[in-house]
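Structure assessment
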Amino acid sequence: MALGGVIPGYVLAWVGFNSQASAQTALAEQGILWLVTIIPAVLMFAGLMVINRYELTDERMDSINREIESER
């Protein structure tokens, strides 16, 4: 969630977004496009890669549930 607050600010600053301007530059418009399409897709793919590497078998899930129950 922290990345969701930091990345847009950095990208908008990098592309020269001006909130006071009535029209944005082509680079700023391209940066906005990247913020709503490319960057979320890349971050989702990275998250899927991390999740895919995490092996969670039925046995491991049962073990986790037993640990949770024993702590109650």
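Everything that follows concerns the structure shown earlier in this document.
Residues numbered from 1 in each chain as written. Predicted model: local features only at pLDDT ≥ 70, side-chain atom pairs only at ≥ 80, totals over all residues. Heavy atoms only, no water.

**Some remarks on the overall build of the protein**
Broken down by element type, the protein carries 4 helices and 0 strands. Helices and strands appear in the protein in the N-to-C order α-α-α-α. With the principal axes as the frame, the protein shows a C-alpha extent of 60 × 25 × 15 Å. Within the protein, buried positions represent 8% of all 72 residues. By element, 64% of the accessible surface of the protein is carried by carbon and sulfur atoms, the whole surface being about 6,300 Å². Computing the positive centroid from 4 side-chain charges and the negative centroid from 8, the protein places the two 5 Å apart. (Helix = DSSP H or I, 4+ residues; strand = E, 2+ residues; numbered from the N terminus. Buried < 20%, exposed > 50% of the residue type's maximum accessible area, 1.4 Å probe, protein only. Areas by Shrake-Rupley, 256 points an atom, 1.4 Å probe, with all protein chains shown as cover. Lys, Arg positive; Asp, Glu negative; His and termini not counted. Charge placed at Lys NZ, Arg CZ, Asp CG, Glu CD.)

**A word on helix α1 (residues 2-14)**
Its 13 residues place the ends of α1 19 Å apart at the C-alpha level, agreeing with the 18 Å of an ideal helix rising 1.5 Å per residue. With 1 of 13 residues buried, α1 lies mostly on the surface of the structure. G16 sits one or two positions beyond α1 and adopts a positive phi of about 80°. (Expected span 1.5 Å × (residues − 1).)

**Side note on the packing of helix α2 (residues 26-36) against helix α3 (residues 38-53)**
α3 packs onto α2 with a crossing angle of 30° between their chain directions and a minimal axis gap of 3 Å. Taken together, the axes of α2 and α3 are roughly parallel relative to one another. In this structure, α2 uses L33, W34, L35 and V36 to contact α3, whose residues at the interface are I38, I39 and P40. In the contact of α2 with α3, the residues fall into 7 nonpolar, no polar and no charged. (Axes fitted to C-alpha atoms, helices over the stretch in contact; angles between N-to-C directions. Parallel < 35°, antiparallel > 145°, perpendicular 65-115°, else oblique. Contact = heavy atoms within 4.5 Å. Nonpolar A, V, L, I, M, F, W, Y, C, P; charged D, E, K, R; others polar.)

Just distances and angles here, no functional claims.
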